[in-house]
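Here is how the chains run, residue by residue.
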Amino acid sequence: MNQSPETFDTNAIQALNDRQLRAALLNLASTFGERRKLAILSVNDWEGLRAQARSIKDETLANLDQYLEQFVLKAENNGAQIHWALNGEAAQRLILDLLKEKNVRRIVKSKSMTTEEIHLNEALERAGYAPVETDLGEWIIQLAHETPSHIVVPAIHKSKRQIAELFVEKVGIEPTDNVDELTKTARRVLRERFAEADVGISGVNFAVAETGTFLILENEGNARLTTSLPKIHIAVMGIEKVIPRLADLDVFLKLLPRSGTGQQLTAYQSLITGAKRQPDDEGPEEVHLVILDNGRSRMLAHPVTRQSLACIRCGACLNACPVYQQIGGHAYGSVYPGPIGAVITPQLSGIEKARQLPFASSLCGACREVCPVKIDIPELLLHLRAEVKQGAASRAASQTGKVSKHRIERLAFRFYAFAWSKKLTYEWGMKIARVFQRSIARKGRIGKVSGLFAGLAPALEAWTDWRDAPTIAERSFREVWREAEKTKGK
Ligand code: SF4
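Residues numbered from 1 in each chain as written. Predicted model: local features only at pLDDT ≥ 70, side-chain atom pairs only at ≥ 80, totals over all residues. Heavy atoms only, no water.

## Quick word on the overall build of the chain
Consideration 1: Counting its secondary structure elements, the chain contains 24 helices and 13 strands.
Consideration 2: Counting only C-alpha atoms, the chain reaches 100 × 55 × 55 Å along its principal axes.
Consideration 3: Among the 490 residues that make up the chain, the fraction classed as buried is 47%.
Consideration 4: By sequence separation, contacts in the chain at least 24 residues apart represent 73% of the contacts at least 6 residues apart.
Consideration 5: When the accessible area of the chain is evaluated, it comes to approximately 25200 Å², of which 54% is carbon and sulfur surface.
Consideration 6: Of the charged side chains in the chain, 66 are positive and 57 negative; the average position of the first set lies 10 Å away from that of the second. (Helix = DSSP H or I, 4+ residues; strand = E, 2+ residues; numbered from the N terminus. Buried < 20%, exposed > 50% of the residue type's maximum accessible area, 1.4 Å probe, protein only. Contact = heavy atoms within 4.5 Å. Areas by Shrake-Rupley, 256 points an atom, 1.4 Å probe, with all protein chains shown as cover. Lys, Arg positive; Asp, Glu negative; His and termini not counted. Charge placed at Lys NZ, Arg CZ, Asp CG, Glu CD.)

If you want it as structure tokens, here you go:
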């Protein structure tokens, strides 16, 4: 599959025809959706908690410069070394320079969407390193030379059989479909990598301004090993990860695991406050924190897009999305798939490169319903759709001499608004449509329009390509009412 957001439409069709993928995604909504429903029952006031989380995020984003400054000061006092990166290339360069300076040879990594975003593994491999992903799902897709297809469950698109075959081919085990055996194999191989690593690279879930502490949530214990066994720990975080107070963690620790995996708490919560202080202490000798912008300041500057930065990457919107449930994550052609991916990717990579993504939604609102920080994803999608259309309109306007498709579209909608807002034109319009539909309706529905009508109105063909509509009733309610009134009067 060509993994680019520019080819979303063709990627999606390919995904829809991939039976194995559809089978792998079959239980996504029921498994995670049901677990989430059960998990949120254990909280007294779930809605209140969501509102609290959103207000903490809003407060943080409104004063992000101050909270970042406070976090950095505290983290430096705790012994962490801070590095700022304006974009992905700068972050890659920074990390590569650091590895060279420290004469690093072996690297382990724990799951981090931010390092995926900056394509760190590719940069490390180009520089001659062989970073090893230690989260089981991430390790599987690394072995398969693939990218994550879900924010929380990166190998959700793979079946047990495919994983078993991959282990036979890449790790050299005897064929087995025993999940325990496969997990034991992964543990055995990865433990050796931990023991020999000079550097551990991780992401960050939350960074507390009040104390300079940062938090990593996980279930396998691999992030704990990544951040504590090697001599050097490098953590990569976006500027939006900061929260004001340690007490705020209480809110997010209740929301994130319940929303993402339906757990009341993840198995491990590692709170990291600097490097080790005494020679006999456990933990790394150096902690480096790379703080990344990469387009986030742009999102922050706009009152509508700012809320995208409230995302805590729980993945609930992916699990709830009827589009994601059918096509999975790779079709989005970007690191962040699903509804939040359709919002973030065009803002990170530029609307031109990802202009199909804001349209990859039915706007049903399921994502908004489940989002623990109440991000209004449909509002963001509509905002981005408007940007796409404006961009296309101004491009068309700069073309000479031709009446643009968008001008025709605008005129058509103006005519539609006029006709539908006046009683007379509305009633005559419906009468004409009733006659017209006889030629295209089948069994009470209007499906794909083709032939002569498609030739006369190509937009109608495109509109009906994926949408069925019920036919217009033979007699309208007004007509039935008027007739009834007449009969009464006789
Ligand atoms: S947008 Fe909301 S639901 Fe989706 S990943 Fe972010 S926090 Fe979770």
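## Thoughts on the sheet that holds strand β13 (residues 469-470)
Consideration 1: One open sheet accounts for three strands, arranged β11-β12-β13; its pairing is antiparallel. Of all strands in the sheet, those bounded by a partner on one side alone are β11 (441-442) and β13.
Consideration 2: Pairing between β11 and strand β12 (residues 445-446): two bridges, direction antiparallel. Opposite Arg442, over in β12, you have Arg445 as the bridge partner. (Pairing = 2+ DSSP bridges.)

## Comments concerning a nonpolar patch on the surface
Consideration 1: Taken together, the side chains of Phe413, Tyr416 and Trp420 define a hydrophobic patch exposed on the protein surface, amounting to about 360 Å² of accessible area.
Consideration 2: Here Phe413 shows up in helix α20 (residues 405-421).
Consideration 3: On the accessibility criterion, Phe413 (54% relative accessible area) is exposed. (Patch = residues over 30% accessible without salt bridge, like charges linked within 9 Å, V, L, I, M, F, W, Y side chains within 5 Å. Salt bridge = Lys/Arg side-chain N within 4 Å of Asp/Glu carboxyl O.)

## Topic: the environment of Trp46
Consideration 1: Among the structural elements, Trp46 can be located in helix α4 (residues 46-62).
Consideration 2: In this structure Trp46 comes out as buried when scored by relative accessible area, which is 8%.
Consideration 3: Each C-alpha atom, one on Trp46 and one on Thr213, is 26 Å from the other, the two residues being 167 residues apart in sequence.
Consideration 4: Once you skip the residues sitting within four places of it in the chain, Trp46 turns out to touch Arg36, Ile40, Lys254, Leu255, Arg258 and Ser259.

## Considerations on the environment of Asp248
Consideration 1: Relative to the helices and strands, Asp248 resides in helix α13 (residues 248-260).
Consideration 2: Placed 33 residues apart in sequence, Asp248 and Asp281 show a C-alpha to C-alpha distance of 28 Å.

## Section: the site of the ligand
Consideration 1: Around the ligand, the structure places 13 residues, and the nearest of them are Cys311, Cys314, Gly315, Cys317 and Cys371.
Consideration 2: Considering only residue class, the shell around the ligand consists of 11 nonpolar, one polar and one charged. (Near = heavy atom within 4 Å. Nonpolar A, V, L, I, M, F, W, Y, C, P; charged D, E, K, R; others polar.)

## What to know about helix α9 (residues 136-143)
Consideration 1: Among the eight residues in α9, six count as buried, and that is most of the element.
Consideration 2: Along α9, the residues that are buried comprise Gly137, Glu138, Trp139, Ile140, Ile141 and Leu143.
Consideration 3: The opening residue of α9, the one whose side-chain oxygen lies 3.1 Å from the backbone nitrogen of Gly137, is Asp135.
Consideration 4: Positive backbone phi, approximately 55°, marks His145, located one or two places after α9. (Polar contact = N/O pair within 3.5 Å; in protein donor to acceptor, adjacent residues only side chain to side chain.)

## Some words on helix α10 (residues 160-171)
Consideration 1: Its 12 residues give α10 an end-to-end C-alpha distance of 16 Å, which sits within 8% of 16 Å, the value for a rise of 1.5 Å per residue.
Consideration 2: Within α10, the full set of buried residues consists of Ile163, Ala164, Leu166 and Phe167. In a view along the axis of α10, the buried residues occupy a sector of 160°, so they form one face of it. Facing away from the buried surface of α10 by more than 90 degrees, the exposed residues are Arg161 and Glu169.
Consideration 3: Elements in contact with the buried residues of α10: α9 and α11 (179-196). (Expected span 1.5 Å × (residues − 1). Arc of directions from axis to C-beta.)

## Points about unusual backbone geometry
Consideration 1: Even without being a glycine, Lys374 presents a positive backbone phi close to 55°.
Consideration 2: Examined against the element boundaries, Lys374 turns out to sit in the loop between α18 (366-370) and α19 (377-398).
Consideration 3: Take Lys374: its relative accessible area is 35%, and that puts it in the partly exposed class.

## Description of the packing of aromatic side chains
Each aromatic ring pair is characterised by the separation of its centres together with the angle its planes make.
Consideration 1: Overall, the coordinates contain eight aromatic pairs when judged by the stated rule.
Consideration 2: Ring geometry for Trp139 against Phe167: centres 5.4 Å apart, planes inclined by 75°, an arrangement best described as edge-to-face. Here Phe167 lies in helix α10 and Trp139 lies in helix α9, a separation of 28 residues in the sequence.
Consideration 3: A relative accessible area of 1% places Phe167 in the buried class.
Consideration 4: Measuring from ring centre to ring centre gives 5.9 Å for Phe477 and Trp481, while their planes differ by 35°; the resulting arrangement is tilted. Pair noted here: Phe477 and Trp481 are both in helix α24 (residues 477-489), with a separation of four residues, about one helical turn.
Consideration 5: When the ring centre of Tyr336 is taken as origin, the NZ or CZ atom of Arg313, which lies over that ring, is 4.6 Å away. (Phe/Tyr/Trp six-rings, centres within 6.5 Å; stacked < 30°, edge-to-face > 60°. Lys NZ or Arg CZ within 6 Å of the ring centre and 35° of its normal.)

## As for the packing of helix α3 (residues 28-41) against α13
Consideration 1: Two numbers describe how α3 lies on α13: the axes approach to 7 Å, and their chain directions differ by 150°. Considering the angle they form, α3 stands roughly antiparallel to α13. Every residue of α13 that contacts α3 at Phe32, Arg36, Ala39 and Ile40 is listed here: Arg258, Ser259 and Gly260.
Consideration 2: Tallied by class, the residues present in the contact of α3 with α13 amount to three nonpolar, two polar and two charged. (Axes fitted to C-alpha atoms, helices over the stretch in contact; angles between N-to-C directions. Parallel < 35°, antiparallel > 145°, perpendicular 65-115°, else oblique.)

## Overview of the pairing of strand β7 (residues 232-238)
Consideration 1: Most of β7 is tucked away, with seven of its seven residues classed as buried.
Consideration 2: Residues Ile232, Ile234, Val236 and Gly238 of β7 are buried on one face, and the alternating residues His233, Ala235 and Met237, pointing to the opposite face, are buried as well.
Consideration 3: When strand β4 (residues 199-202) meets β7, the two strands line up parallel, connected through four bridges. Across the sheet, the residue bridging to Ser202 is Ala235, located in β7.
Consideration 4: Note: β7 against strand β10 (residues 286-292), seven bridges, orientation parallel. Each residue of the ladder has a partner; that of His233, found in β10, is Val287.

## Describing the pattern of salt bridges
Consideration 1: This structure, assessed with the given rule, holds 25 salt bridges.
Consideration 2: Arg245 is paired through a salt bridge with Asp248; the nearest N and O atoms lie 3.3 Å apart.
Consideration 3: Arg245 sits in the partly exposed class, given a relative accessible area of 31%.
Consideration 4: For Asp248, a relative accessible area of 7% puts it in the buried group.
Consideration 5: Note that Glu427 and Arg482 form a salt bridge whose closest N and O atoms lie 3.5 Å from each other. Taken together, the residues span a long stretch of sequence, with Glu427 in helix α21 (residues 423-437) and Arg482 in helix α24 at a distance of 55 residues.
Consideration 6: Residue classification places Arg482 among the partly exposed residues on the basis of a relative accessible area of 37%.
Consideration 7: What emerges from the salt-bridge pattern is a single network uniting Glu117, Glu240, Arg296 and Arg313.

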